[in-house]
Amino acid sequence: MGKILLFFLITPVCLRAQLTVEKIMQDPKWIGTSPSNIFWSYNSKSIYFKWNPEKNISDSSYNYSLSENKISESSFNKAQFAEDIQNGKYNQLKTEEVFVHENDIYLLNIATGKVFRITQTEATESNPLFTNNDSDIVFTSGNNLFAWNNKNGTIQQLTNFVSSNAPSENSDETQQQLWLKNEALQTSSVIKRRTDKADSAKAFLKRNKENELHKIYIGNKDVQQLTISPDERFITYTLFKKSNEQTTVVPSYVNKTGYTEEIPGRPKVGRPDGDYSFFVFDKLKDTVFNISTDSIPGIYDKPEFLKNYPDTNKNAKPILRKVVIQGIYWNDKGDAVIADIFSLDYKDRWIMQLNAETGKLSLIDRQHDSAWIAGPGIAWLDAANIGWINNNTIYFQSEATGYSHLYAYNINSHQRNAITSGNYEIQKAVLSRDKKYFYLITNEEHPGKQSIYRINYDGSNKIKLSSLMGGYEMFLSPDEKYIAYRYSYQTKPWELYYQETKPNAKPVQVTDKAMSDSFKSYTWRDTKIFTFTARDGAQVHARIYEPKEGTKNNAAIIFVHGAGYLQNVNYQWSYYFREMMFNNLLADKGYTVLDVDYRASAGYGRNWRTAIYRYMGGKDLDDEVDAAHYLVHSLGIDSTRIGIYGGSYGGFMTLMAMFTQPNVFKAGAALRSVTDWAHYDHEYTAAILNEPFTDSIAYARSSPINFAEGLKNHLLICHGMVDVNVHVQDDMRLVQRLIELGKDNWEFAVYPVEDHGFVEASSWTDEYKRILKLFDENLLNK
């Protein structure tokens, strides 16, 4: 009887710990709730965040009081107001802050906490900042700049952009009309006298009109990058004329209307670039002049890949490459300004000093990459990290050594100094408000481990501030006495912490709801992270999910992360947390699962990032094939029972694996896959593969649809039908290709209401039940 009782006592525990697809793919609230959208109050006394401890439909706003060590729920409006303040700009003394709230401008007195509303209009005001020794606040409304005077409360318009062409000085009158007019003046002294009097009066009024604002005619172009010098003399701006690009539409078949709706989509790679032109408006001289980019060093350089097309380009003349000024940055004194310029072919970045009086550019730093310019803090898909340390010195990030690091450049001595160095990346760098320190997140201890450091602006006295192993998102308090951070480990979702900004400070945990009891009832694998040697000698980082002793079935599955430029083999909570749980389920069934940071993954420097240039499915796929060989030769996996799966870029890789490596992979699940790179977006694809009509070789060898004839083994294709990122058209075209080729060992599942990232638990569950069935039926011995 005692034995029977003991069985019933332990059975519920076992059941709770058992993983099923239905359980892990349910609403993620079952896991717990992690804080998000972290920011500080303006006075550094509390931390705001989004959170959902009550498992409501959506997250609510909370704030944590440092002095009371207490979390309180905050109203949406209060939290939104606090966040808008946090996004504001300080005056020079840091005693006031100007910010935007609900499209109007407000001014905060930091000492008293009092807020003064500057504008209350139906127009959208934005981008406020202090100018003119803090006596003015300049902001944008519509396409124009306005200045609010701090002393008398008046608002003055500073620019007058007119959306039409400038009036022609030449008459539009016909030859007949001009002849008749001249004859009338010659034959009547009265008519001539009256005409001369009218012209004289018109000229007099024009000369004596007070404060007439200079009209800047922009035609059908858009005003962008509108900036002003601290003394309000110079205004820089970009005019952009959009090209006549064709955009896509995504049909939505299942919606509340009952009709098929069309969701506006993006253009495809190779869309024509728009035209950018750059100008300075000198208010003192009331003149506008062009910033010429045709003398930038290397502006006529041809991309190196054109050497592969000698017949097409042997007589081609040098072409002025198109560029865009991504940012204009004035120093506090207002006597120096830099322009951050990128070529639209993604090969070059120029940081240049602009002479605002002449529009002349002089080179500070050129970053050239024969592949494409990118890396943490350098821009491509994110903003560049660049600014002024003091009135003479700028900082920026560069991959000059092969890894993204911080540099300083003195505009007077023309000396460039490395603030950081080594075979690791500066993944985030924040300059302190007193401009004495940088607060850094780096992966110098291990590519998959992040740490927080503080370093002097000149690169000296680097101090480690963090103590926990895993991943971090850092938020510096306004008084810079504290850092708040989201921290996670590979088996522990994100929680909120804070600590003092000094070495050996003890972290204080603020939230503790990221893991529910149900989630904690299962022992999630603390996976081993290791390296294996690729065919070219490179060390490839991977994590392994190993079956429990005695359960290994000698079959294996390789998971391929998406995005391409993303790091998944690290010690933090994965973006692919559902796949992490699914990989645990697979390991419970006896599968050995490998997760690889293949070539192109983030976190490993420039050479790793650009290894897929002009050949997606080349070295990145080689790494997955070499991973399969590692499984066979080092872990005893049956070479005829290896599967592969992944979504987005991981889906693309799965297709390339199934089509080109049929002797390596027995089954594959390709989710929301790119099947033909000529149909993906421009910014991502043109950087890596150039454009289809200029580099057809790159597209031909990188697109799975061209290799579909190689399919021999079992393939599952899944795609959301309202995917506005990778359109379902990609897989529709592939399916038609498979039909025409007579292939019969594939399956296509569509999800009518899902975008690129699924939302509904039912869709996730259906998709992953199909994946599990695919592997069980094709990889397990019957």
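Residues numbered from 1 in each chain as written. Predicted model: local features only at pLDDT ≥ 70, side-chain atom pairs only at ≥ 80, totals over all residues. Heavy atoms only, no water.

Trainee: So what's going on with the overall build of the protein? Which residues, and what values?
Mentor: The helix and strand inventory of the protein stands at 15 helices and 44 strands. For 782 residues, the compact-globule estimate of 2.2 N^0.38 gives 28 Å, and the protein sits close to it at 31 Å. By principal-axis analysis of the C-alpha atoms, the protein measures approximately 125 × 70 × 60 Å. Scored against the burial criterion, the 782 residues of the protein give a buried share of 52%. Long-range pairs, those at least 24 residues apart, make up 56% of the contacts in the protein with a sequence separation of at least 6. As displayed, the protein has an accessible area near 37,300 Å², and 49% of this comes from carbon and sulfur atoms. (Helix = DSSP H or I, 4+ residues; strand = E, 2+ residues; numbered from the N terminus. Rg over C-alpha atoms; globule rule 2.2 N^0.38 Å. Buried < 20%, exposed > 50% of the residue type's maximum accessible area, 1.4 Å probe, protein only. Contact = heavy atoms within 4.5 Å. Areas by Shrake-Rupley, 256 points an atom, 1.4 Å probe, with all protein chains shown as cover.)

Trainee: Mind laying out the pattern of salt bridges, listing which residues take part and the relevant values?
Mentor: Per the counting criterion, the structure on display carries 37 salt bridges. As a salt-bridge pair, K462 and E444 come within 2.6 Å of each other at their nearest N and O atoms. Here K462 is found in the loop between β31 (449–456) and β32 (463–464), whereas its partner E444 is found in strand β30 (residues 437–446), with 18 residues between them in sequence. With its nearest N and O atoms 3.3 Å apart, the salt bridge here joins D776 to K589. Of the two residues, D776 sits in helix α15 (residues 761–779) while K589 sits in the loop between α8 (577–588) and β40 (592–596), which places them 187 residues apart along the sequence. Because the salt bridges share partners, they merge into one network encompassing K242, E245, R271, D273 and E683. (Salt bridge = Lys/Arg side-chain N within 4 Å of Asp/Glu carboxyl O.)

Trainee: So what's going on with helix α12 (residues 682–689)? Which residues, and what values?
Mentor: Burial runs high along α12: seven of the eight residues are buried. Taken together, the buried positions of α12 are occupied by H682, Y684, T685, A686, A687, I688 and L689. Against the buried residues of α12 lie α11 (649–660) and α13 (696–702). Near the N-terminus of α12, the side chain that reaches the backbone nitrogen of Y684, with its oxygen 3.4 Å away, is that of D681. (Polar contact = N/O pair within 3.5 Å; in protein donor to acceptor, adjacent residues only side chain to side chain.)

Trainee: A description of the nonpolar core should follow, citing residues and the corresponding values.
Mentor: Counting 81 residues, the largest nonpolar core has W372, I558, L594, M616, Y649, F665 and W677 as its most contacted members. Among the elements that line this core, the one with the most residues is α11, at eight residues. The residues contacting F665, other than those within four sequence positions of it, are I558, E624, V625, A628, I642, G643, I644, A657, M658 and N713. Residues L19, W524, M581 and W764 belong to the second largest nonpolar core, which totals 42 residues. (Core = buried A, V, L, I, M, F, W, Y, C linked by side-chain atoms within 4.5 Å.)

Trainee: So what's going on with unusual backbone geometry? Which residues, and what values?
Mentor: One non-glycine residue, N133, lies in positive phi territory at about 55°. Among the structural elements, N133 can be located in the loop between β9 (125–131) and β10 (136–141). You will see that N690, though not glycine, has its phi angle at about 65°, which is positive.

Trainee: How would you summarise the packing of aromatic side chains if you had to cite specific residues and measurements?
Mentor: Counted according to the given criterion, the structure contains 52 aromatic pairs. Summarising the aromatic geometry, the rings of F139 and F146 are spaced 6.0 Å apart at their centres and angled 20° between planes, so their arrangement reads as stacked. Of the two residues, F139 and F146, neither departs from the other in class, the shared state being buried. Here the aromatic cluster, defined as three or more aromatic residues joined through ring pairs, consists of W372, W380, Y565, Y598, Y613, Y649, F652, W677, Y680 and Y684. One Lys or Arg, K528, reaches over the ring of F530 and ends 5.3 Å from the middle of that ring. (Phe/Tyr/Trp six-rings, centres within 6.5 Å; stacked < 30°, edge-to-face > 60°. Lys NZ or Arg CZ within 6 Å of the ring centre and 35° of its normal.)

Trainee: Help me get a handle on the sheet that holds strand β25 (residues 386–390), residues and values and all.
Mentor: Reading across from one edge, β25-β26-β27-β28 is the order of the four strands in this open sheet, with antiparallel pairing throughout. Edge positions in the sheet fall to β25 and β28 (415–418), since each has one partner strand and no second. The mean inter-strand angle of the sheet, taken between neighbouring strand axes irrespective of direction, is 30°. Across four bridges, the pairing between β25 and strand β26 (residues 393–398) is antiparallel. In the sheet register, N390 faces β26, and the bridge partner there is T393. (Pairing = 2+ DSSP bridges. Axes fitted to C-alpha atoms, helices over the stretch in contact; angles between N-to-C directions.)

Trainee: Go over the sheet that holds strand β16 (residues 234–241), please, and point to the residues and values.
Mentor: Two pairing modes exist for strands in a sheet, parallel and antiparallel, and in both the strands are linked by backbone hydrogen bonds. The strand order β15-β16-β19-β20 describes an open sheet built from four strands, whose pairing is antiparallel. Lying at the two open borders of the sheet, with one neighbouring strand each, are β15 (222–228) and β20 (287–290). Adjacent strand axes in the sheet meet at a mean angle of 25°, parallel and antiparallel pairs treated alike. Bridge count for β16 against strand β19 (residues 275–282) is eight bridges, and the pairing is antiparallel. Note that in β19 the partner of K241 across the bridge is D275.

Trainee: Any details on the side chain of E767? Residues and values, ideally.
Mentor: Mapped onto the secondary structure, E767 falls in helix α15. Comment: no salt bridge for buried E767; closest opposite-charge side chain is R672, at 4.4 Å. Here E767 is in contact with L671, R672, C718, Y751 and F758, once residues within four sequence places are set aside. (Lys, Arg positive; Asp, Glu negative; His and termini not counted.)

Trainee: Help me get a handle on the environment of H541, residues and values and all.
Mentor: By secondary structure assignment, the location of H541 is in strand β38 (residues 539–545). Once residues lying within four places of it in the same chain are set aside, the contact partners of H541 are H446, P447, F530, T531, V569, D595, V596, D597 and Y604.

Trainee: Provide a residue-level description of the pairing of strand β29 (residues 426–431), including the pertinent values.
Mentor: In this structure, β29 lies alongside β30, joined through five bridges in antiparallel fashion. Note on β30: the bridge partner recorded for K428 is I441. Two successive antiparallel strands, β29 and β30, enclose a turn made up of five residues, where K435 displays a positive phi of approximately 60°.

Trainee: Can you lay out a nonpolar patch on the surface for me, pointing to particular residues and giving the numbers?
Mentor: A cluster of nonpolar residues, Y253, V254 and V753, forms a patch on the protein surface that exposes about 290 Å² of accessible area. Within the element layout of this structure, Y253 appears in the loop between β17 (247–252) and β18 (261–267). On the basis of relative accessible area, Y253 is assigned to the partly exposed category, the value being 49%. (Patch = residues over 30% accessible without salt bridge, like charges linked within 9 Å, V, L, I, M, F, W, Y side chains within 5 Å.)

Trainee: Could you give an account of the environment of S451, naming the residues involved and the relevant values?
Mentor: Summarising the element assignment, S451 is placed in strand β31. Note: C-alpha distance between S451 and L468 (17 residues apart in sequence) is 8.1 Å. Excluding its chain neighbours within four sequence positions, the residues that come into contact with S451 are L440, I441, T442, E445, K464, S466 and Y472.

Trainee: Pulling in residues and values, what's your account of the confidence of the model for the protein?
Mentor: Here the protein shows a mean pLDDT of 94. Residues at 70 or above account for 96%. When the criterion is pLDDT under 50, residues 1–16 qualifies, and its contacts beyond four places in sequence or with other chains add up to two contacts. (pLDDT = per-residue confidence, 0-100.)

Trainee: Please set out the side chain of T501 residue by residue, giving values where relevant.
Mentor: Within the secondary structure, T501 is located in the loop between β35 (492–500) and β36 (508–509). Taking relative accessible area as the criterion, T501 reaches 9% and is therefore assigned buried. Engagement of the side chain of T501 in a polar contact is seen with the backbone oxygen of E480, the distance being 2.9 Å. Those residues in contact with T501 that sit more than four places away from it in its chain are Y439, R454, L465, L476, E480, K481, Y482 and I483.

Trainee: So, the packing of α8 against α15: which residues are in play, and what are the values?
Mentor: A pair of packed helices is captured by two measures, namely the crossing angle of their axes and the spacing between those axes. Running from amino to carboxyl end, α8 crosses α15 at an angle of 35°, the nearest separation of the two axes being 12 Å. Handedness of the crossing formed by α8 with α15: right-handed. Mapping the contact onto sequence places R578, E579, F582, L585 and L586 in α8 and W764, Y768, I771 and L772 in α15. Grouping the amino acids of the contact of α8 with α15 by side-chain chemistry returns seven nonpolar, no polar and two charged. (Left-handed = near helix turned anticlockwise from the far one by under 90°. Nonpolar A, V, L, I, M, F, W, Y, C, P; charged D, E, K, R; others polar.)

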